[in-house]
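Okay, here's what each chain looks like letter by letter:
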Amino acid sequence: MSGRVLSSPLGRIVRSGVGRKRVQTVVMTLTTLLAVAASVLAAGLLVDSQAPFERAFAAQHGAQLTAQINGATASAAQIAATAHAPVVTASAGPYPVASLHPVAGSGADLPAGTALKQMTVVGRSGPASTVDSMTLASGTWASGPDQVVLRAGPGQGTDFTLGSHVTFPDAPGRPTLTVVGFANSVSDTADAWVTPAQLTALSAGASQYQMLYRFTDATTGTQMNADRTAITAALPQGALTGAQSWLQIQLTADGQTAGFVPFVAAFGILGLLMSVLIVGIIVSGAVSSQTRRIGIIKALGFTPAQVVRAYIGQALIPAAVGAVLGVLAGNVLAIPALRDTETVYGTGRQTIPGWVDIAVAVTALALVVGAAWALALRAGRLRTVDAIAIGHAPPAGRGRWARRAASRLPLPRPVVIGLANPFTRPARTLAMTGAVLLGAASVTFALGLTTSLADAQHAPQVATLGNVVVNLGDAHPGIPIKGDPHLAAASPARVAADITAQPGTATYVGSADTTVGVAGITGGVSVIGFTGDTAWASYQMISGQWFTGPGQAVVPTRFLAATGDTLGDTVTLTKGGRQVSLRITGEALDTSEHGMQILTDLTSLDGLGLGLQPQQFNIQLTSGTDRTSYVDALNAKFASIAAQAQPNLDGGGTVTAAAQALAALLTVMIVAVAGLGVLNLVVLDTRQRVHDLGVFKALGMSPGQTIIMVLTSVAGIGLVAGIIGVPLGILTLDYVMPLMGNAIGTAIPSADINVYSLPELAALALGGIVIALAGAALPAGWAAGARPITALRAE
Amino acid sequence: MRQHGVPTAAGDVIRLDGVTRTYQTGAPPALANVSLAVAAGEALAVLGPSGSGKSTLLNLLAGLDKPTSGQVTVDGVRVDTLSEAASARYRRERIGMVFQFFNLLDDLTVLDNVLLPAQLAGMPSKRAQARATELLSYLRIDRHTRAYPGRLSGGERQRVAVARALMNRPPLLLADEPTGALDTASGHEVRNLLAQLNQDGQTIVLVTHDTTLAEACATRTIELTDGRIRRDTAAVAR
Ligand SMILES: Nc1ncnc2c1ncn2[C@@H]1O[C@H](COP(=O)(O)OP(=O)(O)O)[C@@H](O)[C@H]1O
Ligand SMILES: [Mg+2]
């Protein structure tokens, strides 16, 4: 819009048009704002979900090879020299490194003293580097003694907060460090970082070093093997004690994030559809409400082309303001949303790429111009007389049958008029139906998704089963339970007896796990044998049945896919030259061990001659039993043996929590856009019917009756849209959930997809009415409060 | 403003006491300190040039607008103090309105237009139907009962508007330039109709600048200039 146009008579018309219809202009700006914000967020998340690992890896100059080198074998100069190997393009290090077995200190979500998984701790003076340039998710970097930075995201990090403590019992002096920060290392180079000096103290002088490399070619396993060989060759024999390829990490990372993508995509598409629809609605509204004015200014001598230009300008001004504000709002909203995805993807801080902002804004404005152009062209071509004549009322005659039909209903007049109203302007009614429909579908989908994910997350697995868990023997290899190596070994039979005798025990199951060989699968496969109330331990079944006795086995989806077995087939487990054959009776929801795990009765494994004894007991308490005192009572019985009872805490769930938070945010935005779309359409409608409203009021229609009339004019649309939108949302869930499951290698039990109860469905269907009424409430109030004389005088 | 002394009569349908209506502060008032009493059965014609405040007066009587100061009493009701909802109820029960441009709803049949006030008031449908049929035949538009207003002539449309206005048997009928949009023949028709209604006892306030209309059906005439009453035939008679 150039200055020349704005100061021309045309420009004056544009400006006066924008200024005069203040409510409509505000609504249009607001709607564009929300639509653009939702699109920016949706598109940003979509982009974010595309190969998040690869992008984050590139951004951090991730380490393609993380090497651990023994400083006792290789000299500092020899280690440094590896950086100059011909295949290396960049390197970082050497950093001192140690493998430690920490326990939780005070301030953690775990009871103090709980053994943690083995941690790789690296001494680094800062997060930035030429390779593996980390980002701090929160807090600061370790700058002095007794400070530690933990790896952010899924895993141990979620049990700690800034200021909580970690104790290292296997380091000299059992030091306790304070968590000062959380860092994202996409290349997964360590679990924790401290200052180099602190590391030296922790490792008691054992000189292990970490080197990080990037290579000229590192995209295939073969190339990585060659690169690794080159590093090995540059060092003395045996100096390279371990090396981790980024391809392995990529595999795990992609497996984790894959489940997230279909859901983000579904919401993104819903959001974008809604935005396109709403922009169409507001522009057609802005232009069609002006048909009469168009007639008048044409009568004053404007050419059709000038008219078209004037109205494009008129639609463009609020749209442009809305688009700019929308881009800003979208980026602000993206901060919490992307923080969720960061946690899931394990990537560093993400922002909406600039090109997304520009693309969304330009698309929105192009849509506005396109719609305005088409509509203004039609209006511009209209014969002047017709434009003046039809501008203020719907073409007479349309929807009369509906009025006649409605007036037969034994309902108050305002209700009858309201009910028939949608039929007078079918296009507008369709648009409103579309907006409410998408809103209702989004709510349905979001609710279903949230329930599905929660159901799947809480589905019984050996890690989540029961309220209390008892562990026997070593917590981790080499780490004595309760930190005391001198305790007598616990007898599983005695522990089981103690549990049975303890008041408050409803039921329990014991389990032992081991690794066995399975024909056709390279590497070991984990197997869990259950004893006790095995029926209670049933996982959620996708198909078939939970095992009912020895000789039967239940496996996850991925296992079936890997072996090509189907239910009823026999799987042969081998170990130490012995073997047992089990019949597969069911397919269970189990994503642990990457979906490669066999679940069976413990006695099924007797044939392997391993003498397996339960190492863990999962206990269900009778309702009303106090968990803490129950745990304390059991631990008192276990005082002198290597057994420990703990409350069973829900672990993990990062993906689920993030997905639920995102679903909530996106749903709120989509519903808000839908509500604004309704508001815009109702404002338009009441504006065009302002004359009728004036007449109604002159005849004694009260404000209450006016509100009822306006609200009933959208209630029918809301109901129909809800009734169509709910199945649409369910279909979306039916489509997305298996995709999400498929991405993480499991089928989803139909119980976790068919999550809607009948009352819920009814309530959701009524949600359409709620959206419609909420959108219409404000304009209904305006219509009720408007003074009729102006409308009546307007003739 | 009592000192201007509006004579009080028990049968007064309308009483205006020192009514002023100013639209914009600083601008001259559209009505300036107007006091007026209209007795039941009178047909009052309000004359005056365009912009003299005639419609403003009518809107105040209809409760569509509120005076800046002064009191408006119609049929015993203090119209100027009514809430929005109460003034809607007041219009429904006590006022019938006829406009220059008919203000019929194009999407409703003649019958539905006429029924509307009764339906808004919640009159039982049987009684409303009977009343509408009676009015339509009294106003000789019963052959158009099922037609849409768009198909009628101007005179016929205005008769539908009058029927609609009389639906709830209002004590007061207000008409703003009822012949202003009509040709001579139709104007005649409406003029006779109003005269007939008044003879049957209907109190009417009629805004017009058509002196022949005023002469034909008014029992009393006032003339407004710049929001003030310049001439009142009743005052002359007294
Ligand atoms: N809603 C309004 N806002 C501002 N001024 C108004 C409004 N209605 C009427 N006026 C002004 O009040 C004066 C009287 O108007 P009106 O009562 O309509 O006159 P008449 O009906 O006699 O032509 C005029 O000057 C008019 O411009
Ligand atoms: Mg007037």
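Above this note sits the structure.
These remarks concern the structure in this document. Small disclaimer: the values here were computed from a predicted structure and weren't measured. (Residues numbered from 1 in each chain as written. Chains lettered and ligands numbered in written order. Predicted model: local features only at pLDDT ≥ 70, side-chain atom pairs only at ≥ 80, totals over all residues. Heavy atoms only, no water.)

For chain A, the helix and strand inventory stands at 25 helices and 21 strands. Out of the 795 residues belonging to chain A, those deemed buried represent 51%. Sequence separation of at least 24 residues holds for 81% of the intrachain contacts in chain A that already meet a minimum separation of 6. As displayed, chain A has an accessible area near 31,900 Å², and 61% of this comes from carbon and sulfur atoms. (Helix = DSSP H or I, 4+ residues; strand = E, 2+ residues; numbered from the N terminus. Buried < 20%, exposed > 50% of the residue type's maximum accessible area, 1.4 Å probe, protein only. Contact = heavy atoms within 4.5 Å. Areas by Shrake-Rupley, 256 points an atom, 1.4 Å probe, with all protein chains shown as cover.)

What follows concerns the site of ligand 1. Taken together, eleven residues are adjacent to ligand 1, and B:Gly51, B:Gly53, B:Lys54, B:Ser55 and B:Thr56 come closest. The environment around ligand 1 is built from residues contributed by chains A and B. B:Tyr23 places a side-chain nitrogen or oxygen 3.4 Å from a nitrogen atom of ligand 1. Between B:Thr56 and ligand 1, the recorded distance is 2.5 Å, taken from a side-chain N or O atom to an oxygen atom. When ligand 1 sits alone it has 560 Å² of accessible area, and the protein chains cover 66% of it. Tallied by class, the residues present in the shell around ligand 1 amount to three nonpolar, six polar and two charged. (Near = heavy atom within 4 Å. Polar contact = N/O pair within 3.5 Å; in protein donor to acceptor, adjacent residues only side chain to side chain. Nonpolar A, V, L, I, M, F, W, Y, C, P; charged D, E, K, R; others polar.)

This part is about the packing of aromatic side chains. Residue and element names in this part refer to chain A. A full pass over the atoms with the stated rule returns nine aromatic pairs over all chains. Pairing Trp141 with Trp193 gives two aromatic rings, centres 6.0 Å apart and planes at 45 degrees, and the pair type is tilted. Pair noted here: Trp141 is in the loop between strand E5 (135-139) and strand E6 (147-151) and Trp193 is in strand E9 (residues 192-194), with a separation of 52 residues, a long-range link. Judged by relative accessible area, which is 0%, Trp193 ranks as buried. (Phe/Tyr/Trp six-rings, centres within 6.5 Å; stacked < 30°, edge-to-face > 60°.)

Turning our eyes to something else, we now look at the nonpolar core. A:Phe263, A:Phe267, A:Phe445, A:Leu449 and A:Met737 are the most contacted members of the largest nonpolar core, which totals 80 residues. Sort the elements by how many residues they give to this core and helix H20 (residues 654-688) of chain A lands first, with 13 residues. In this view, A:Phe267 contacts A:Ser442, A:Phe445, A:Ala446, A:Leu449, A:Ala663, A:Leu666, A:Thr667 and A:Ile670; residues no more than four positions away in its chain are not counted. Residues B:Phe102, B:Val162, B:Leu173 and B:Cys217 belong to the second largest nonpolar core, which totals 37 residues. (Core = buried A, V, L, I, M, F, W, Y, C linked by side-chain atoms within 4.5 Å.)

All names here are of chain A. A grouping of Val321, Val324, Leu325 and Leu328 is seen on the molecular surface, where their side chains present a nonpolar patch of about 340 Å² in accessible area. Within the fold, Val321 resides in helix H11 (residues 304-345). We classify Val321 as partly exposed; its relative accessible area is 40%. (Patch = residues over 30% accessible without salt bridge, like charges linked within 9 Å, V, L, I, M, F, W, Y side chains within 5 Å. Salt bridge = Lys/Arg side-chain N within 4 Å of Asp/Glu carboxyl O.)

Let us look at helix H6 (residues 184-199) of chain B. Residue and element names in this part refer to chain B. Between its terminal C-alpha atoms H6 stretches 22 Å, which fits the 22 Å expected from 16 residues at 1.5 Å a residue. Along H6, the positions that sit buried rather than exposed are Ser186, Gly187, Val190, Arg191, Leu193, Leu194, Ala195, Leu197 and Asn198. Residues of H6 that are buried make contact with strand E3 (43-47), helix H4 (125-138), helix H5 (154-166), strand E7 (172-176), strand E8 (203-207) and helix H7 (211-217). Two or three places before Ala185, at the start of H6, stands the capping residue Asp183, its side-chain oxygen 3.2 Å from that residue's backbone nitrogen. Positive backbone phi, at 110 degrees, marks Gly201, one or two positions downstream of H6. (Expected span 1.5 Å × (residues − 1).)

All names here are of chain B. Taken together, six strands build an open sheet; the order of strands is E6-E7-E8-E3-E9-E10 and the sheet is mixed. For this open sheet the edge positions go to strand E6 (95-98) and strand E10 (228-232), each flanked by a neighbour on one side alone. Adjacent strand axes in the sheet meet at a mean angle of 20 degrees when their direction is disregarded. Pairing of E3 with strand E9 (residues 220-225), which is carried by four bridges, proceeds in the parallel orientation. Paired with Ala45 across the two strands is Thr221, which belongs to E9. Where helix H2 (residues 84-94) meets the sheet, it contacts E6 and E7, and its direction lies at approximately 80 degrees from that of E6. (Pairing = 2+ DSSP bridges. Axes fitted to C-alpha atoms, helices over the stretch in contact; angles between N-to-C directions.)

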